[in-house]
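Given next are the chains, with one letter for each unit.
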Amino acid sequence: DTAVSQTPKYLVTQMGNDKSIKCEQNLGHDTMYWYKQDSKKFLKIMFSYNNKELIINETVPNRFSPKSPDKAHLNLHINSLELGDSAVYFCASSHLGNSLGANVLTFGAGSRLTVL
Amino acid sequence: LAKTTQPISMDSYEGQEVNITCSHNNIATNDYITWYQQFPSQGPRFIIQGYKTKVTNEVASLFIPADRKSSTLSLPRVSLSDTAVYYCLVGDSAGGFKTIFGAGTRLFVKA
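Residues numbered from 1 in each chain as written. Chains lettered and ligands numbered in written order. Predicted model: local features only at pLDDT ≥ 70, side-chain atom pairs only at ≥ 80, totals over all residues. Heavy atoms only, no water.

## A look at the state of the cysteines
Scanning the entire structure with this criterion turns up 2 disulfides over all chains. Disulfide pairing is shown between Cys23(A) and Cys91(A); the S-S distance is 1.9 Å. Around the S-S axis, the bridge from Cys23(A) to Cys91(A) shows a dihedral of about -80° and counts as left-handed. You can see Cys23(A) sitting in strand E3 (residues 19-25) and its partner Cys91(A) sitting in strand E9 (residues 87-94), a full 68 residues away along the chain. Each member of the pair Cys23(A) and Cys91(A) is classed as buried. At a sulfur-sulfur separation of 2.2 Å, the disulfide partner of Cys22(B) is Cys88(B). Between Cys22(B) and Cys88(B) the disulfide shows an S-S torsion of about -80°. By sign, it is left-handed. Residue Cys22(B) is located in strand E2 (residues 18-23), and its partner Cys88(B) is located in strand E8 (residues 84-91); the two are separated by 66 residues in the primary sequence. The exposure classification of Cys22(B) matches that of Cys88(B), with both residues buried. (Disulfide = S-S within 2.5 Å. Helix = DSSP H or I, 4+ residues; strand = E, 2+ residues; numbered from the N terminus. Buried < 20%, exposed > 50% of the residue type's maximum accessible area, 1.4 Å probe, protein only.)

## So, the sheet that holds E8(B)
Residue and element names in this part refer to chain B. With mixed pairing, 5 strands are arranged side by side in an open sheet as E1-E9-E8-E3-E4. Single-partner strands in this sheet number two, and they are strand E1 (9-13) and strand E4 (45-50). Adjacent strand axes in the sheet meet at a mean angle of 25° when their direction is disregarded. Here strand E3 (residues 32-38) pairs with E4 via 5 bridges, running antiparallel. Note that in E4 the partner of Thr 34 across the bridge is Gln 49. (Pairing = 2+ DSSP bridges. Axes fitted to C-alpha atoms, helices over the stretch in contact; angles between N-to-C directions.)

## Some remarks on the interface of chain B and chain A
If you look at the interface, chain B gives 21 residues, while chain A gives 26 residues. Carbon and sulfur atoms make up 59% of the area that chain B and chain A hide from each other, which totals about 1,900 Å². Taken together, chain B and chain A are joined by 0 salt bridges. Along the contact surface separating chain B from chain A lie 3 residue pairs in polar contact (both at pLDDT 80 or more). Sorting the residues of the side of chain B that touches chain A by element identifies E3, E4 and E8 of chain B as the ones contributing at least two each. If you tally residues by element for the side of chain B that touches chain A, the top one is E3(B), at 4 residues. Considered class by class, the residues forming the side of chain B that touches chain A number 8 nonpolar, 10 polar and 3 charged. (Contact = heavy atoms within 4.5 Å. Buried area = accessible area lost by both parts, 1.4 Å probe. Salt bridge = Lys/Arg side-chain N within 4 Å of Asp/Glu carboxyl O. Polar contact = N/O pair within 3.5 Å; in protein donor to acceptor, adjacent residues only side chain to side chain. Nonpolar A, V, L, I, M, F, W, Y, C, P; charged D, E, K, R; others polar.)

As structure tokens, then:
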């Protein structure tokens, strides 16, 4: 039973198209994230949502629009795809609450987007 | 957010103990140290977290000196399947909305 699941796992598309990646978590977490990992393998945070509300938008272009219909889902829609959008996109979730310690994220397996 | 510095890469052989050190000179009082492991074509996976002294679980040990300006992840008797990128992160729950990953250490285990 996958904790954080993303679909699709692979996505190949042409420049200018619009595509979506879906993410669902069954851990009961209150916070969800999107990260982008480029060809140089750097993991960069894009967005974080807490209880369906946008908390962090890390200077991501407007072409990227996350949507969180409920606490268990955070989808990523990308308009007018560009070559530079090619990367692996990871969804993650965590429970912040009032817990001691630092935030521990559970990641999905990733969605590899290739823009031609 | 405290910045971390780790070696870019390390090589080891099967059966050896591997120690990966992370520097975090600006660690704050409320910060914890967290390590993640990322295999090729997978998302990062939490390994261990600690605040001070030593923490051990079934996967690894984490050693943190008294000044907390560095930490060492210790992997006992590595196998080929431990080849991965290991990330050291420093932060507290308040900064959790913006959990930032550095470049990590690429560990390559050879037969």
